Amino acid sequence: MREIKFRAWNQHQNKMLDWDYLRTTCPMSHFSSDLEFMQYTGLTDKNGNPIYEGDIIKQEYNVVFQSYYDPVTFGFEGEESEEGHHIGEVVILASKGACMRKPLRIPVDAEPEISNQYKNVAGYRCEVIGNIYENPELLEQT
C-alpha cells in the first residue's frame, strides 16, 4: 500500500514545508490559502528521492522506431532509434497515476519540442531535478 504523505509550498514565505513539519509542528491556523499542497506519488527516482506532485523530473528514454527480424541472419535489421530525455512536471491523474504533464522532449541529436501527451513516470529512469515553485525555469524550452 502506498504511503500517504504531503508537502506544502508556503507562498507567503517562499518555503517548502516537509511532511514531518506539517504533521508535528505546523499549527492548524497555519493551514491557510498561503499553502499549496503536493501529494507523494508513492514512487522514488533512481537516486531514491521521493517523487511528489509538482516535482520536475528528467526521465531518460530510448525508442526503437523500425526493426524487423531476419530469419537468415537470426537478428534484427533496419533498426532506427532515438534517445534523449523528457523534462516535465509530475501530476497525479486518476486514470494514469503519476505522469509528466506536457513534457519537453529533448532528443540527443534533434531540436527540443513540447509533447502534448502525458508520459508515465518510471522511477528507475528518472531523476528529480527541482519543483515548479523553486525552479520554474526548468520547464522553459531551451
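**Details of the sheet that holds strand β1 (residues 6-10)**
So, point 1. Reading across the sheet, the four strands line up as β2-β1-β3-β4 and stay open at both edges, with antiparallel pairing between neighbours. Strands at the two margins of the open sheet, each flanked by one partner only, are β2 (15-17) and β4 (50-52). On average, each strand axis in the sheet is inclined to that of its neighbour by 35 degrees, with strand direction left out of account.
So, point 2. The sheet contact formed by β1 and strand β3 (residues 35-44) spans five bridges and is antiparallel. Across the sheet, residue A8 finds its bridge partner in β3, namely F37.

**Looking at the pairing of strand β7 (residues 97-107)**
So, point 1. Counting buried positions over the 11 residues of β7 gives eight, a clear majority of the element.
So, point 2. With two bridges joining them, β7 and strand β9 (residues 119-120) adopt antiparallel strand pairing. By the bridge assignment for β9, C99 is matched with N120.
So, point 3. Taking the residues between adjacent antiparallel strands as the criterion, β7 and strand β8 (residues 113-114) are bridged by five residues.

**A closer look at the side chain of E82**
So, point 1. Structurally, E82 is set in strand β6 (residues 75-93).
So, point 2. Among the polar contacts listed, one links the side chain of E82 to the side chain of Y61, at a separation of 2.7 Å.
So, point 3. Within the structure, the side chain of E82 is placed 2.4 Å from the side chain of R105, a separation counted as a polar contact.

**Let's talk about the packing of aromatic side chains**
So, point 1. Under the defined criterion, the tally for this structure stands at three aromatic pairs.
So, point 2. Geometrically, the ring pair formed by F6 and W19 is tilted, given 6.1 Å between the ring centres and 45 degrees between the ring planes. One end of the pair, F6, is in strand β1; the other, W19, is in helix α1 (residues 19-25), and 13 residues separate them in sequence.
So, point 3. When its relative accessible area of 26% is taken as the criterion, F6 is described as partly exposed.

**Here's the deal with the pairing of β1**
So, point 1. For β1, the tally of buried residues reaches four of five residues, placing the bulk of the element in the interior.
So, point 2. Summarising the sheet, β1 and β2 pair through three bridges and their orientation is antiparallel. Bridge assignment links W9 to a residue of β2, and that residue is M16.
So, point 3. Between β1 and β2, which pair antiparallel in sequence order, lie four residues; one of them, N14, sits at a positive phi of approximately 50 degrees.

**Some remarks on the nonpolar core**
So, point 1. In terms of nonpolar packing, the biggest core is built from seven residues, these being I51, I57, V90, A98, M100, V121 and C126.
So, point 2. Non-local contacts of I51, meaning those with residues more than four positions away in its chain, are made with Y40, T41, G42, L43, T44, D45, V90, V121, C126 and V128.

**Digging into the pattern of salt bridges**
So, point 1. Applying the stated criterion across every chain yields a total of five salt bridges.
So, point 2. Between R23 and D20 there is a salt bridge, and its shortest N-O distance comes to 3.4 Å. With a gap of three residues between them, R23 and D20 both fall in helix α1, about one helical turn apart.
So, point 3. A salt bridge links R105 to E113; its shortest N-O distance comes to 2.8 Å.
So, point 4. Classification of E113 by relative accessible area gives partly exposed; the value is 39%.
So, point 5. Residues joined in a network through salt bridges with shared partners are E82, R105 and E113.

Rules used in this analysis
- Numbers given for residues are sequential positions, taken from 1 along each chain in its written order.
- Given that this is a predicted model, residues contribute local features only at a pLDDT of at least 70 and side-chain atom pairs are listed and counted only at 80 or more, while totals for whole chains, interfaces and linings are drawn from all residues.
- The side-chain numbers reported here are obtained from all heavy atoms of the structure, hydrogens and water having been left aside.
- Each pair of strands is called paired provided DSSP finds at least two bridges between the two strands.
- In this description a helix means any DSSP run of H or I spanning at least four residues, a strand means any run of E spanning at least two, and both kinds are numbered starting from the N terminus.
- Note on geometry: axes are C-alpha line fits, over the in-contact stretch for helices, and angles between N-to-C directions span 0 to 180 degrees.
- The cut-offs for exposure are 20% and 50% of the maximum accessible area for each residue type, with area from a 1.4 Å probe on protein chains only; residues under the lower value are buried, those over the upper are exposed, and the others partly exposed.
- The term polar contact refers here to a pair of N or O atoms within 3.5 Å; inside protein, the definition further demands a hydrogen-donor-capable atom paired with an acceptor-capable atom, and it admits residues adjacent in sequence only when both atoms are side-chain atoms.
- To pair, rings of Phe, Tyr and Trp, with the six-membered ring standing in for Trp, must have centres within 6.5 Å; the planes then decide the type, stacked if under 30 degrees apart, edge-to-face if over 60, and tilted in the middle.
- In plain words, nonpolar cores are sets of buried Ala, Val, Leu, Ile, Met, Phe, Trp, Tyr and Cys residues tied together by side-chain atoms within 4.5 Å.
- The contact rule is simple, with two residues in contact once any of their heavy atoms fall within 4.5 Å.
- Criterion for a salt bridge: a side-chain nitrogen of Lys or Arg within 4 Å of a carboxyl oxygen of Asp or Glu.

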